[in-house]
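What follows is each chain in one-letter form.
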Amino acid sequence: MTTNEPEKIITRFAPSPTGPAHIGSIRTALFNYLFSHKLRGIFMLRIEDTDKERSKSEWEHMLLKSLEWLGISWDEGPIIVEGQESIFDSDNYSIRYKGNRGPYRQSERTQIYKKYLQKMIDEGHAYYCFCTKEEVEAQKSYLMSIGESPVYKGNCRNLTKEEISEKISQGKRSVIRFRTSENQNIAFDDMIKGKISINTETFGDFVIAKDLETPLFNFTCAIDDHEMNITHVIRGEDHVSNTPKQIAILNALGVKHPIYAHMPLILGQGKKKLSKRDAETSLEEYVKDGYLPEAIINFVAFLGWNPGTEKEIYSMEELITDFSIEKIQKSGAVFNPEKLDWLNGLYIRKKPVTELTNLCIPFLINAGLIKKHTELSFLTTDTEQIVTMNKIEKAILLYQERLKKLSEIPELIDFILKDEINYEKDLLKWKNMTDNEIVLSLENSIKIIKDIEDFEKNVIEKVIFEEAEKMPNRGNLLWPFRVALTGKQSSAGPAEIADLLGKEKCLDRLELAIKKIKYA
Ligand code: GLU
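S.K.: When you look at the sheet that holds strand 16 (residues 377-380) in this model, what are you seeing that I'm missing?
M.R.: Sheet strands line up and pair through hydrogen bonds in the backbone, either parallel or antiparallel. As summarised here, the arrangement of the three strands in space is 15-16-17, forming an open sheet in which the pairing is antiparallel. Either end of the sheet is taken by a strand with one partner, and the two such strands are strand 15 (370-374) and strand 17 (386-388). Across the sheet, the axes of successive neighbouring strands diverge by a mean angle of 40 degrees, strand direction being ignored. Alignment of strand 16 against strand 17, held across three bridges, turns out to be antiparallel. Within the sheet, the bridge partner assigned to Ser377 lies in strand 17 and is Thr388.

Below you can see the structure in the form of C-alpha cells.
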C-alpha cells in the first residue's frame, strides 16, 4: 500500500533473519532509530527474508527480542504478541504487524514484487535470460582474460517474444535480468561518504529475480524502499555497491530513490574485519556474559559516531538529542572490547543494588548455586539452606564497585552460597609464614571471633584489625583469616565477609583451614 506522506522522515532497519543480531546490525538499527527519532519521523522494522533457505523464524524472533531488550522500539513492523520467559526462546510465539505499510516481511510481499517485475518486463526494463550458469561463467572468464570487467554481456537482451515463448515451451530455465543502461555513471550524494559515482559497466545486466515469484535482494529492497515511502536508508558500507543497482531499478520505474548514508565498517582489534557470523559478536553472547543494554547502546553509538565533545556517557534520550549523521566518520570504526567492559562496569555501579541483584539472580541460578524458593528467598543448591534476597543483595553490594560483567558474580560470591569451599592449603600462607604460624594465626582468629557477642561488620572489623596490629605484619592475621573464609586469592574485606557468613560458619571454616594445614 502506498500512502502519501512526503515530508515525514521514514527510516528502516531491514535485517535478513539468517543469523543472530550482531554488533554491526545493532548499530544499523540504532542509527536509524536515533535519526528518525531526532527528526520525529518513523522508524520501521522490515524483515528481508527473500533467501528462503537461510531465513529462519527463530532468527527473526531473536532479532525482535534483541531490539526489545536493547530498548530500540519501532513504530512499524512485526511485533511479538506472546513473548516467552527467555528472550531467546522462540517457541510458541506469534507475530502480527503494526503500521499500514505492511506486510513487513518480504516473504509476504511476493504479489507486490510480481506486479513490478511484470511491469518492468512489459516496459522493456527487464528481460528473461536463458543463459545457463556455465555459459555465464565461461563468458565472464573470457572477459577477464581480455582484461574487461566480468559482467553479463546481454546475449538474451534482444530476444523476440516468439523466441522467448519457444524457449519457455522447450522447458528452458530462465532468470529475469535488469536491462542496465550501458556505460552510464550512476551518482548519488551519500550523507556520510559524499558524492559516489559508479559506472554501470561494473555490474552490467544483473539478475533481479529467479522468476516472477522469486525476486532477489536488490529488487525487493528497492521496491520496498519506494513502496514504504522510505526517505533515508542508513546502512553498512558493504551495501555501497548495491546502491547504484537499486537506484537504476527505481529510475526505471520513474520514482525517486531515498537518500543514502553508508556507515563505515566495524573493524576488530588490529583493524581486521568483524565477521557477521562471528559468535563473539552476536548479541546473545553479550547477554550471556552479563552486559547491560545501556552499556551496549552507549558503546555501539560510538562505533563510527563521535559527538566531538569529551562526553562519553549517553543515555538513549541524550543520544537522540545529540545524534547527527554529519558526525559519523568515514573511516572504519575500531571495536574495542575494553571500552565496552569499562562502560558496563560504569553502568553496573550506577544501578540501585536491588535492581542489580535482580539482574544477577539468573546468573547465580544458571551457575547452579541457588534455586528459587519463594518470592524473596532461594535455596542453596548443595545443602538446600534458605538464603534471603537481602543476603544476596548484601553480597552483591560488596562487589558492585569492581564488577565488570554480571557473569562474574557467581565466581565472586559462591563462597557465601556454598557449604563447602575448595582451595589449596598453600593459599592460606601469607609471605614467609610457616605452617605452624598459620595454625597459630587461625587459632587466634577463632578465639577472637568466639568472643564477639554482637557479630556485626563494624564490631568484627574493629576487633580483628586491633588484633592484627599486634602482629609483626597485619597480613599474618588478616590473610589466613580471609582465605579461610573465602577460599580465594582476592575478595572483599574480611569483616564484611565474616558478617555475611555469620559466626558459626566463620568458625567452621577457620577450623577447616587448620585441618587443611595439619592433615592435608
Ligand atoms: N537485508 C540486508 C542485510 O541484512 C540489509 C539491506 C539494507 O539495509 O538495505 O544486510
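After that view of the structure, there is still more to cover.
S.K.: What am I meant to see in the site of the ligand here?
M.R.: In the vicinity of the ligand lie 10 residues, with Arg12, Ala14, Ser16, Glu48 and Arg235 positioned nearest. At 2.7 Å from a nitrogen atom of the ligand is found a main-chain nitrogen or oxygen belonging to Ala14. Against a free-state accessible area of 300 Å², the protein chains account for coverage of 87% of the ligand. Partitioning the shell around the ligand into residue classes produces four nonpolar, two polar and four charged.

S.K.: How do you make sense of the packing of helix 12 (residues 353-366) against helix 14 (residues 409-417) when you look at a structure like this?
M.R.: Think of two packed helices as two axes; the pair is described by the angle between the axes and how far apart they sit. Viewed as axis vectors pointing N to C, helix 12 and helix 14 meet at an angle of 75 degrees, and their least axial separation amounts to 10 Å. Relative to helix 14, the element helix 12 lies roughly perpendicular. On the side of helix 12, the interface is formed by Cys360, Phe363 and Leu364, while helix 14 contributes Ile409, Pro410, Ile413 and Leu417. Residue composition of the contact of helix 12 with helix 14, grouped by class: seven nonpolar, no polar and no charged.

S.K.: How should I be thinking about the side chain of Ser377 in this particular structure?
M.R.: Residue position: Ser377 is located in strand 16. Owing to a relative accessible area of 8%, Ser377 belongs among the buried residues under this scheme. A polar contact of 2.7 Å, which involves the side chain of Ser377, links it to the side chain of Thr374. The contacts of Ser377, once residues within four sequence positions are left out, are Lys372, Ile386, Val387, Thr388 and Met389.

S.K.: Is there a simple way to explain the nonpolar core in this structure?
M.R.: One recurring pattern in soluble globular proteins: nonpolar side chains tend to sit buried together. The biggest cluster of nonpolar side chains holds 112 residues, and the ones touching the most others in it are Leu30, Ile72 and Ile413. Here this core gets eight residues from one element, more than from any other, and that element is helix 1 (residues 23-38). With residues up to four places along the chain from it excluded, the contact list for Ile413 reads Leu364, Ala395, Ile396 and Tyr399. In terms of nonpolar packing, the next biggest core, distinct from the first, is built from 45 residues, Val136, Phe188, Ile198 and Tyr260 among them.

S.K.: How should I be thinking about helix 16 (residues 457-469) in this particular structure?
M.R.: When the terminal C-alpha atoms of helix 16 are compared, their 18 Å separation across 13 residues agrees well with the 18 Å that a helix rising 1.5 Å per residue should span. Here the buried face of helix 16 lies against helix 15 (435-451), helix 17 (475-486) and helix 18 (494-501).

S.K.: Teacher, can you tell me more about the layout of surface pockets here?
M.R.: Where empty space is left can be seen by rolling a probe of water-molecule size over the atoms. Its boundaries defined by the atoms lining it, the second largest pocket holds a volume of some 800 Å³. In terms of lining, the second largest pocket is formed by 26 residues, of which the most central are Lys133, Val175, Arg177, Val207 and Lys210. If you list the elements that add at least two residues to the lining of the second largest pocket, you get helix 4 (133-145), strand 6 (175-178) and strand 9 (207-211). No other element matches the four residues that helix 4 contributes to the lining of the second largest pocket.

Analysis parameters
Residues numbered from 1 in each chain as written. Predicted model: local features only at pLDDT ≥ 70, side-chain atom pairs only at ≥ 80, totals over all residues. Heavy atoms only, no water. Pairing = 2+ DSSP bridges. Helix = DSSP H or I, 4+ residues; strand = E, 2+ residues; numbered from the N terminus. Axes fitted to C-alpha atoms, helices over the stretch in contact; angles between N-to-C directions. Near = heavy atom within 4 Å. Polar contact = N/O pair within 3.5 Å; in protein donor to acceptor, adjacent residues only side chain to side chain. Areas by Shrake-Rupley, 256 points an atom, 1.4 Å probe, with all protein chains shown as cover. Nonpolar A, V, L, I, M, F, W, Y, C, P; charged D, E, K, R; others polar. Parallel < 35°, antiparallel > 145°, perpendicular 65-115°, else oblique. Contact = heavy atoms within 4.5 Å. Buried < 20%, exposed > 50% of the residue type's maximum accessible area, 1.4 Å probe, protein only. Core = buried A, V, L, I, M, F, W, Y, C linked by side-chain atoms within 4.5 Å. Expected span 1.5 Å × (residues − 1). 1 Å grid on protein atoms, 1.4 Å probe; cavity = no way out; pocket = protein on both sides within 12 Å on 5 of 7 lines; lining within 4 Å. Points joined across faces, edges and corners; volume = space filled by probe spheres on them.

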